[in-house]
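Structural overview for review
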Amino acid sequence: MDTPQATPARTPQETAHFDGDHKPSNGQATPPSPLTDSSSALEVLNGAKTPATEPTSFASELSNTSLPAVKKPPLGEEPPVKWPYTTSTALDDIPGVAFALDIFLKSLMVESEEYCHRSDPKKERLYFATGFGLIQCVKALMSYEDDDLLAAIGHTKHGNAIASKHRKKSASLPFRLAGYVTGANGVNWVKSMTDVERHAELVYAESLFEKALLGVVYSGDWLAFIKEALNMRTAFQIYRQLGKYLDQMDAEALARGEGPEDKSIDVHFRSGVYLGVGMSHILLSLMPSKLATIVELFGYKGDRHVGLTLLQKAGGWTKGSSEPSVSQADEGVRRSICDMTLLIFHLFISSFTHDGVDVMMAQKIVDWNLERHPEGVFFLLAEGRLSLCRSQPARAIACYQKAMVVQSQYRNLHHISFWEMAVSNLALWRLEDSLKCWRSLQKESTWSKAVYAYGVAALLVQLGGETNQAEALKLMADVPKLRQRIAGKSIPLEKFVARKARKCEAQGRLLLPALELAYIFQGIAHAPRATVAAQMLPLVDAALAELKPHEAAPEKYGKGTEFWDDWCLARLLEGACLRYIAYPDPDALLDSEEVMEIPQKEVARRASVAFEAVFANGPKIELDHYIVYNAHFEYGRLLACMGDKEGARTQLDLVFSGKHLEVNAAGRKGKYSLENMLHMRTNAALEALGEDKLL
C-alpha cells in the first residue's frame, strides 16, 4: 500500500512553454436520544495550510492510511431549544436549524445530525423534522443505495406531514372554487396566513420537492416518475404563489415609501422564497425545448436570469462588487443553500450551457464561503471544480485532496473527489494517478458501476501490457451487465461505455480509449495547453502514423471493418487537441510567458483539416457514429473562434438538422451515443454565438 507523500513538483514537460509546442445547552434535561497551473499541488496545499498527501495514493487505501490530523473547528454555543413545543413557537427553532446548517457546512456532518436529533427526538418540530430530512436526502443521493434512499424518502415524507400540520387549513370547497374565480386563492390566501403558516407552506414545498427527487431516483419506472413530476409541479406552484406574495408586499412597501423591501417579512422566509422560485426558474429553463413547450402549456416557464438574480439576492451578490451586501449576521437561514445552488449552476451545469454562466461570480462566492468555512468540504469541492474550469487541473487535485482530508464522516463525499480527480489527472495525462481514482470508484461507489468499470478498463488498455490487457478485457465483458435505469430510462453515458466495451470485446482492442474519455469528460478542454501539445497530440500523431499505411487497403486492418472508425476517431481527437492549442477554453487562465512556436492560424488550419477528414470519411464508419456529429460541433466552435460566425452557425445547425450526417438513409437507426448531451451543448453554443460570447 502506498504511503502518502508530498505531491511532486511538476516535471519540465508539464510546465513546458510553447517553444516546444506545446448541538441543547439550555440548562434543561436533554430529551433522549489566482494561480496559474504551473504551481504544483504541494504549493497550493502549503499555501492553504493544508496537509499535503500524494494524490496518487488515495484510492481505497485512504481508509487504511494514517492521514494528517485535521483540527476540527469549534462547534460554538448551541442555541437553546424551548420545551414543550407548540406550533405557535415553531419559528423559535430557526436559530437552532441555522446552527445545524453552519456546522454541517463546516464538515461536521455527524455532529449536525446528532444535534438535530437531540433537539427533536420525536421529529415533531417544523424546522428540525424537515432539516433532518434534508440531511438524510443528501446522504441518500451521495450513496445511491436503496436502503438509504428508502430511509430518506421516509424522513422527507414525515417532514412533509409535519409541515402539512403547521399549514393553514384549506377553506371549504365552495370557497376554494370562488377563490379560483376571484383570484383570492393566491396572494390574498398567503396574506391571511400567520408567519408560522407561511413558513410551513414554504417548508411543505421544500420537503415535497426533496421527496419527489428521491422518488425519481429510487423508482426507476415511468409511472413513479409521472407521480413525482406532479409533486414537483405542486412544489413549483407553491413557490410561485409565495413569490407573488413577496413581490406584492415589497411593491406595497415601496408605494408607502418603506421600500424597497417589506421589513415585516423575515429574512429566513425571504431567503427560502428566493431559493425555491430561483431554483424552479433555473430547472425549467434547462428543460429540452420540446418538453419546455409542453410544460409552458400548463403555465410554467423558466427564466434563467430571473432565477439567478433571485438566488444572488439571498446573499446580496452583484457583478460590480467582490463582497456580498448581505452579511452573515443579516442573512436568511437558506442563504448558504442559495450560494451552493449558484455554484452548481456556474461550475457544473455550465458544461451544458453558456447562457447566464459567470465564472467570476462563482469565484467570489467560493472565496467568501471558504473564508467563512475554511474546512467546508462542499466549498472545497467547488474550489476544485472552479480550478478545473480554469484549466488548472493540478490546483484542482490539491483542492479535492484537501476536501478528502477535512472530513471522513461521509465517505461518499470522497467519491466526488475521486471522480473529479480522475478527470483532472486525465487533463494532466497522469494515467496511473487517474487509474487509481477509477479503481476507488469501481470498488466503493454505486452511482454508476458501468462507467467506473469502463474507466478502469480504458486506462488499462491505454497503458498497455499483457497483464493490463487481460484485466481490461475481463472488465469490458462486465460493463454492459452493470447498467442501471432511472425513471425507466437508461443512462446515456452508460449506454456509451457499454457500446465501447462490446466493441473492445469483439475487436480485442480500442484506439486511444483514455484520450477519448478525456475528450468526452472535457479533460482536453480543461487541460493546460502545454500538456495538450506535448503529451496528448503526439499520441494522436503516432496513432495516425500507424493507421496511414492501411488507408489504401482498410479491409486488411484489424478484422476488416475497424479502420474508418479508428481513423475518424483519431482525426476528431487531433482536431480537438489542435483547436484547444489554438483557442483555449475562454475561462482558462493561461501562462503569460507561454510562447507558441507555430502560429495560431496554422494550428487552426490543421484542426480544420482534421475535422474535414472526418466529414469525408464519416459514411464509412461502422459503429462510432457519434464521431461525425461531434466533429461538426467542434468545427463550428473553431470557426466561431476564427471569426466565421456564419460558417460556425452552419456547422452547429447540422448537428440539430436530424440528417444522418455519417450515413445514407438506409444506414444507422436510432440515436447515436450521447446525442442528447451533444444537443444541449450545441444549443448552448448557438446561444453564445448569438450573443457574441467566446466559445
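Residues numbered from 1 in each chain as written. Predicted model: local features only at pLDDT ≥ 70, side-chain atom pairs only at ≥ 80, totals over all residues. Heavy atoms only, no water.

A short note on the overall build of the chain
For the chain, the count of helices and strands is 28 helices and two strands. Sorting the 695 residues of the chain into buried and exposed places 56% on the buried side. For the chain, the accessible surface area stands at approximately 29,400 Å², while carbon and sulfur atoms represent 57% of it. (Helix = DSSP H or I, 4+ residues; strand = E, 2+ residues; numbered from the N terminus. Buried < 20%, exposed > 50% of the residue type's maximum accessible area, 1.4 Å probe, protein only. Areas by Shrake-Rupley, 256 points an atom, 1.4 Å probe, with all protein chains shown as cover.)

A few points about the environment of Gly 131
When you line up the elements, Gly 131 lands in helix 4 (residues 126-143). Judged by relative accessible area, which is 18%, Gly 131 ranks as buried. Sequence separation between Gly 131 and Cys 116 is 15 residues, and the spatial gap between their C-alpha atoms is 7.7 Å.

Points about helix 19 (residues 449-463)
With 15 residues, helix 19 ought to run about 21 Å at 1.5 Å a step, and its terminal C-alpha atoms sit 21 Å apart, in line with that. In terms of burial, helix 19 is a largely internal element, 13 of the 15 residues being buried. (Expected span 1.5 Å × (residues − 1).)

Looking at the pattern of salt bridges
Enumeration over the complete set of coordinates arrives at 33 salt bridges. Here Lys 106 makes a salt bridge to Asp 102, at a shortest N to O gap of 2.4 Å. Among the charged side chains, a network of salt bridges with common partners joins Lys 500, Lys 503, Glu 516, Asp 565 and Asp 624. (Salt bridge = Lys/Arg side-chain N within 4 Å of Asp/Glu carboxyl O.)

Brief notes about a positive patch on the surface
A cluster of basic residues, Lys 290, Arg 483, Arg 485, Lys 489, Lys 495, Arg 499, Arg 502 and Lys 671, forms a positive patch on the protein surface. The greatest single-element share of the positive patch, amounting to three residues, is contributed by helix 21 (residues 492-507). Mapping Arg 502 onto the fold places it in helix 21. For Arg 502, a relative accessible area of 41% translates into the label partly exposed. (Patch = residues over 30% accessible without salt bridge, like charges linked within 9 Å, V, L, I, M, F, W, Y side chains within 5 Å. Lys, Arg positive; Asp, Glu negative; His and termini not counted. Charge placed at Lys NZ, Arg CZ, Asp CG, Glu CD.)

What about a negative patch on the surface?
On the surface, a cluster of negative charge is contributed by Glu 145, Asp 146, Asp 147 and Asp 148. Mapped onto the elements of the fold, Asp 146 is located in helix 5 (residues 146-166). Its relative accessible area of 47% is what places Asp 146 among the partly exposed residues.

A short note on the packing of helix 19 against helix 21
Helix-helix packing is described using two parameters, namely the angle between the two axes and the distance between the axes. Axis separation between helix 19 and helix 21 bottoms out at 9 Å; the angle between their running directions is 40°. The pairing of helix 19 with helix 21 is recorded here as oblique in orientation. Seen along the crossing, helix 19 lies across helix 21 with a hand that is left-handed. Where helix 19 approaches helix 21, its residues Lys 449, Ala 450, Val 451 and Tyr 454 are matched on the opposing element by Leu 493, Glu 494, Val 497, Lys 500 and Ala 501. In terms of residue class, the contact of helix 19 with helix 21 is made up of six nonpolar, no polar and three charged. (Axes fitted to C-alpha atoms, helices over the stretch in contact; angles between N-to-C directions. Parallel < 35°, antiparallel > 145°, perpendicular 65-115°, else oblique. Left-handed = near helix turned anticlockwise from the far one by under 90°. Contact = heavy atoms within 4.5 Å. Nonpolar A, V, L, I, M, F, W, Y, C, P; charged D, E, K, R; others polar.)

Details of the packing of aromatic side chains
Geometrically, a pair of aromatic rings is defined through the distance of the ring centres and the angle of the planes. Scanning the model with the defined rule gives 18 aromatic pairs in all. With a centroid separation of 5.8 Å and an interplanar angle of 50°, the aromatic rings of Phe 615 and Tyr 635 are classed as tilted. A residue pair is termed long-range when its members are at least 10 positions apart, and Phe 615 in helix 25 (residues 600-617) and Tyr 635 in helix 26 (residues 626-641) qualify at 20 residues. Arranged with centres 3.9 Å apart and planes meeting at 15°, the rings of Tyr 629 and Tyr 672 form a pair that is stacked. With Tyr 629 in helix 26 and Tyr 672 in the loop between helix 27 (645-656) and helix 28 (675-690), this pair connects stretches of sequence that are 43 residues apart. Each member of the pair, Tyr 629 as well as Tyr 672, is classed as buried. Pairwise contacts between aromatic rings join Trp 419, Trp 438, Tyr 452 and Phe 521 into one cluster. Here Lys 168 stacks its cationic end above the ring of Trp 189, 5.3 Å away from the centre of that ring. (Phe/Tyr/Trp six-rings, centres within 6.5 Å; stacked < 30°, edge-to-face > 60°. Lys NZ or Arg CZ within 6 Å of the ring centre and 35° of its normal.)

What to know about helix 21
Spacing of three or four residues puts side chains on the same side of an α-helix, whose turn is 3.6 residues. Compared with the 22 Å implied by 1.5 Å per residue over 16 residues, the 23 Å span of helix 21 between its first and last C-alpha is a close match. All buried positions along helix 21 are accounted for by Glu 494, Phe 496, Val 497, Ala 498, Lys 500, Ala 501, Lys 503, Cys 504 and Gln 507. Buried-residue contacts for helix 21 involve helix 19, helix 20 (466-478), helix 22 (513-520), helix 24 (563-582) and helix 26. Gly 508 lies just past helix 21 and shows a positive phi near 80°.

Brief notes about the environment of Arg 118
Take Arg 118: it is sitting in helix 3 (residues 109-119). Residues Arg 118 and Val 81, 37 residues apart in the sequence, show an inter-C-alpha distance of 9.7 Å. Separated by 2.8 Å, the side chains of Arg 118 and Glu 78 make a polar contact. (Polar contact = N/O pair within 3.5 Å; in protein donor to acceptor, adjacent residues only side chain to side chain.)

A closer look at the nonpolar core
One finds Trp 438, Tyr 454, Leu 515 and Ile 524 to be the most contacted residues of the largest nonpolar core, which totals 189 residues. Not counting the four nearest positions on each side in its chain, Ile 524 is found in contact with Leu 515, Ala 518, Tyr 519, Val 532, Met 536, Leu 573, Ala 576, Cys 577 and Tyr 580. Counting residues in hydrophobic clusters, the runner-up holds eight residues, among them Ala 140, Tyr 144, Leu 149 and Val 217. (Core = buried A, V, L, I, M, F, W, Y, C linked by side-chain atoms within 4.5 Å.)

Considerations on the side chain of Arg 385
The topology assignment puts Arg 385 in helix 15 (residues 377-389). Leaving out residues up to four positions away in the same chain, Arg 385 has contacts with Leu 347, Phe 348, Ser 351, Tyr 400 and Glu 420.

Things to note about the confidence of the model for the chain
For residues with low pLDDT, the predicted coordinates do not support detailed interpretation. Per-chain confidence: the chain averages 85 in pLDDT, with 85% of residues scoring 70 or above. In the predicted structure, residues 1-70 sits below a pLDDT of 50 and forms 156 contacts with residues beyond four places in sequence or in another chain. Confidence drops under pLDDT 50 across residues 179-184; counting only partners more than four residues distant or on other chains, this segment forms four contacts. (pLDDT = per-residue confidence, 0-100.)

Thoughts on unusual backbone geometry
That bond from Trp 83 to Pro 84 is cis: its omega, -5°, falls within 30 degrees of zero. Here Pro 84 shows up in the loop between helix 1 (41-47) and helix 2 (94-105). In this model, Trp 429 sits at a positive phi of 55°, which is unusual for a non-glycine residue. The topology assignment puts Trp 429 in the loop between helix 17 (411-427) and helix 18 (431-444). With a relative accessible area of 11%, Trp 429 lands in the buried category. The backbone of Gln 522 sits at a positive phi, close to 60°, despite the residue not being glycine.

Overview of the packing of helix 17 against helix 18
Running from N to C, helix 17 and helix 18 cross one another at 150°; their axes reach a closest spacing of 8 Å. In this view, helix 17 runs roughly antiparallel relative to helix 18, as classed from their interaxial angle. For the pair helix 17 and helix 18, the sense of crossing is left-handed. Contacts between helix 17 and helix 18 involve Arg 411, His 415, Phe 418, Trp 419, Met 421, Ala 422, Asn 425 and Leu 426 on the former and, on the latter, Leu 431, Asp 433, Ser 434, Cys 437, Trp 438, Ser 440, Leu 441 and Glu 444.

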